[in-house]
Amino acid sequence: MNIMDFNVKKLAADAGTFLSRAVQFTEEKLGQAEKTELDAHLENLLSKAECTKLWTEKIMKQTEVLLQPNPNARIEEFVYEKLDRKAPSRMNNPELLGQYMIDAGNEFGPGTAYGNALIKCGETQKRIGAADRELIQTSAINFLTPLRNFIEGDYKTITKERKLLQNKRLDLDAAKTRLKKAKVAEARAAQLNISQPEENNIMVNVSYMLNLLHVKWLKIWAEEVTKSEQEVRITQSEFDRQAEITRLLLEGISSTHAHHLRCLNDFVEAQMTYYAQCYQYMLDLQKQLGSFPSTFLSNNNQSSTTPVQSVSSPSVLASTSASLPSLPSVSNSMVTSGLSELKSSSGSRKARVLYDYDAANSSELSLLADEVITVYSIPGMDSDWLMGERGNQQGKVPITYLELLN
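Just so you know, these numbers come straight off a predicted model, no measurement behind them. (Residues numbered from 1 in each chain as written. Predicted model: local features only at pLDDT ≥ 70, side-chain atom pairs only at ≥ 80, totals over all residues. Heavy atoms only, no water.)

*Asks:* Quick question: what am I supposed to make of the overall build of the chain here?
*Replies:* Within the chain, the regular secondary structure consists of 9 helices and 5 strands. Starting at the N terminus and walking to the C terminus, you meet the elements of the chain as α-α-α-α-α-α-α-α-α-β-β-β-β-β. Taking all 406 residues of the chain together, 33% fall into the buried category. If you take every contact in the chain between residues at least 6 apart in sequence, the share linking residues at least 24 apart comes to 70%. Total accessible area on the chain is roughly 25,600 Å²; 56% of this is exposed by carbon and sulfur atoms. (Helix = DSSP H or I, 4+ residues; strand = E, 2+ residues; numbered from the N terminus. Buried < 20%, exposed > 50% of the residue type's maximum accessible area, 1.4 Å probe, protein only. Contact = heavy atoms within 4.5 Å. Areas by Shrake-Rupley, 256 points an atom, 1.4 Å probe, with all protein chains shown as cover.)

Here is the structure:
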């Protein structure tokens, strides 16, 4: 029975407090009550925390989109995470593409130029897929998890304490309003002096009773002055204490920024490693495709001179001169033996183009793999170049892209 009485009293007290806060909040919105303003430093900290939360959420969500563009996969990972279960392992897009290429290459035949190239491309795509998986895992641990911990942990604590601060402020302002009303009532009660009317008149007696009730009501309010002053002191103390707690939490935002900076560095390093791996994988693939001989046998009864176009870009070829020696040794020997003969004579020779070449400027001639052009040497020309002619077009061509014909 005592426990029930205690619960009822507590419930009534909580309801009274809630009603008092609601009245104070409404009167503030209507401009009928004064509001205690927070100090400028605390307001700045609150604004900084809100800004940090807003941009952290945006960066976190967009990073998740970057690492996993598939929205269905993101939803699935979120559900498994909430269920505290490990998501089933599935091939990512590069790995799936790589597997299709390998299967297609085996179907066309590893002995064909196209089939062999598909297999090599597929293996490279699968390596890129593995690197992509490692990037996602590393970024999730070192970057996304700290951001999520701030949103779901630190900022939730800040929000809770901020709400408590708001309630303490409403309690303080409500107590100040009651004290103000009590002092006004006390002053008015001191000025009133109600005496018994001499006339036995109904209207006079009614007026006397109303005035008497009014005076008693004012005296009741006047008796609340001491109680209200004590309540103001208590609510002011609680408000100051809560403001200090909130301020200490908000000042930790600077430490959060420093921590997120370290996490950002880890994320950039993970991306740098990923893109460096992808570049190296593609560079190796480029060299492998560039080393295919132009007379690669086809299983589809096609001409033995079917071209295998190189995926090399002029900028990469120009910056990686070390990749040039990887060309077939047979072609290199033919170029070397025929070059001395060509340079010693003033005549011209026919040459087959081994790989596509895009002219870097107007003095050079663009080439297509497997076409036949006329080449010759002119005095003073660089030993790595010849003059090439195709119809009425002419320009310098690199000798490493040519196979001199007998």
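*Asks:* Hey, could you run me through the packing of helix H2 (residues 40–67) against helix H7 (residues 253–290) in this one?
*Replies:* How two helices sit against one another is set out by the angle between their axes and by the gap between those axes. Between H2 and H7, whose axes approach to 12 Å, the crossing angle comes to 15 degrees. If you check the angle between H2 and H7, you find them roughly parallel. Where H2 crosses over H7, the two elements pack in a sense that is left-handed. In this structure, H2 contributes Lys48, Ala49, Thr52, Thr56, Thr63 and Leu66 to the contact, and H7 contributes Ile253, Ser254, His257, His260, Phe267 and Gln271. Classifying every residue of the contact of H2 with H7 by side-chain character gives 4 nonpolar, 7 polar and 1 charged. (Axes fitted to C-alpha atoms, helices over the stretch in contact; angles between N-to-C directions. Parallel < 35°, antiparallel > 145°, perpendicular 65-115°, else oblique. Left-handed = near helix turned anticlockwise from the far one by under 90°. Nonpolar A, V, L, I, M, F, W, Y, C, P; charged D, E, K, R; others polar.)

*Asks:* Even after reading the chapter, I still don't get the packing of aromatic side chains, so can you show me in this structure?
*Replies:* Applying the stated rule across the entire model yields 7 aromatic pairs. Ring plane angle 70 degrees and centroid distance 6.5 Å describe the contact between tyrosine 357 and tryptophan 385, whose orientation is recorded as edge-to-face. Linking tyrosine 357 in the loop between strand E1 (348–353) and strand E2 (372–376) with tryptophan 385 in strand E3 (residues 385–390), this pair joins segments that are 28 residues apart in sequence. Each of the two residues, tyrosine 357 as well as tryptophan 385, counts as buried. Its end group placed over the ring of tyrosine 281, arginine 127 keeps NZ or CZ at 5.6 Å from the ring centre. Positioned above the aromatic ring of tryptophan 385 is the side chain of lysine 396, whose terminal nitrogen or guanidinium carbon lies 5.3 Å from the ring centre. (Phe/Tyr/Trp six-rings, centres within 6.5 Å; stacked < 30°, edge-to-face > 60°. Lys NZ or Arg CZ within 6 Å of the ring centre and 35° of its normal.)

*Asks:* Looking at this model, I keep getting lost on the side chain of glutamate 95. Mind explaining?
*Replies:* Checked against the element boundaries, glutamate 95 lands in helix H4 (residues 93–108). For glutamate 95, a relative accessible area of 12% translates into the label buried.

*Asks:* Is there a simple way to explain the confidence of the model for the chain in this structure?
*Replies:* Predicted coordinates in areas of low pLDDT are best not read in detail. Considering every residue of the chain, the mean pLDDT works out to 79; 71% of them sit at 70 or more. Ignoring residues within four places in sequence, the model shows residues 294–335, a span with pLDDT below 50, making 57 contacts including any to other chains. (pLDDT = per-residue confidence, 0-100.)

*Asks:* Looking at this structure, how should I read the pattern of salt bridges?
*Replies:* It is possible for side chains of opposite charge to pair when their charged atoms get near one another. Following the criterion strictly, the structure yields 11 salt bridges and no others. In this structure, aspartate 370 and arginine 352 form a salt bridge, with 3.7 Å as the shortest nitrogen-oxygen distance. Taken as a pair, aspartate 370 in the loop between E1 and E2 and arginine 352 in strand E1 lie far apart in primary sequence, 18 residues in all. Between glutamate 371 and arginine 390 there is a salt bridge, with the nearest N and O atoms lying 2.9 Å from each other. Separated by 19 residues along the polypeptide, glutamate 371 in the loop between E1 and E2 and arginine 390 in strand E3 bring together distant segments of the chain. Overall, the relative accessible area of 17% leaves glutamate 371 in the buried class. Several salt bridges share partner residues, and in doing so they unite Glu244, Arg247 and Glu251 into one network. (Salt bridge = Lys/Arg side-chain N within 4 Å of Asp/Glu carboxyl O.)

*Asks:* Just checking my understanding: could you explain the sheet that holds E1 for this structure?
*Replies:* As a general point, the strands of a sheet are linked pairwise by backbone hydrogen bonds and lie either parallel or antiparallel. Across the sheet, 5 strands lie side by side as E4-E3-E2-E1-E5; this open sheet has antiparallel pairing. The two strands at the open ends of the sheet, each matched to only one other strand, are strand E4 (393–398) and strand E5 (402–404). Put simply, the sheet's adjacent strands are angled 40 degrees from each other on average, direction ignored. Relative to E5, E1 is paired through 3 bridges, and the arrangement is antiparallel. Its bridge partner lying in E5, valine 353 is registered against leucine 402. (Pairing = 2+ DSSP bridges.)

*Asks:* I would appreciate a short explanation of the pairing of E4 in the present structure.
*Replies:* Residues in a regular strand project their side chains so that they alternate between the two faces of the sheet. Pairing of E3 with E4 involves 6 bridges; the strand directions are antiparallel. In the sheet register, glycine 388 faces E4, and the bridge partner there is glycine 395.

*Asks:* Honestly, H2 in this entry has me stumped. Any pointers?
*Replies:* Think of an α-helix as 3.6 residues a turn; residues three or four steps apart then line up on the same face. Taking 1.5 Å as the rise per residue, H2 with 28 residues should run 40 Å; its terminal C-alpha atoms sit 40 Å apart, in good agreement. By the burial criterion, the buried members of H2 are Leu42, Leu45, Leu46, Ala49, Thr52, Thr56, Met60, Thr63 and Leu67. One side-chain oxygen at the N-terminal end of H2 lies 3.2 Å from the backbone nitrogen of histidine 41; it belongs to aspartate 39. (Expected span 1.5 Å × (residues − 1). Polar contact = N/O pair within 3.5 Å; in protein donor to acceptor, adjacent residues only side chain to side chain.)

*Asks:* Please clarify how the pairing of E2 should be interpreted in this entry.
*Replies:* In terms of residue burial, E2 counts as a mostly covered element, since 4 of its 5 residues are buried. As paired elements, E1 and E2 share 5 bridges and run antiparallel to each other. Considered in E2, the bridge of arginine 349 is made with valine 375.

*Asks:* Hey, could you run me through H4 in this one?
*Replies:* Taking 1.5 Å of rise per residue, the 16 residues of H4 would be expected to cover 22 Å, and the 22 Å separating its terminal C-alpha atoms lies within 8% of that figure. Within the span of H4, buried status applies to Pro94, Glu95, Gly98, Ile102 and Gly105. Seen end-on, H4 carries its buried residues on one side only, within an arc spanning 95 degrees. Across from the buried face of H4, at angles greater than 90 degrees, the exposed residues are Asn93, Tyr100 and Glu107. In this structure asparagine 92 caps H4, since a side-chain oxygen of it lies 3.0 Å from the backbone nitrogen of glutamate 95. Positive phi appears at glycine 109, one or two residues downstream of H4, with a value of about 110 degrees. (Arc of directions from axis to C-beta.)

*Asks:* Just checking my understanding: could you explain the environment of arginine 148 for this structure?
*Replies:* Mapped onto the elements, arginine 148 comes out in helix H5 (residues 113–191). Taking relative accessible area as the criterion, arginine 148 reaches 17% and is therefore assigned buried. When the C-alpha positions of arginine 148 and glutamate 57 are compared, they lie 8.1 Å apart, and in sequence the two are 91 residues distant. Residues in contact with arginine 148, not counting those within four places in the same chain, are Met60, Glu64, Glu81 and Gly153.

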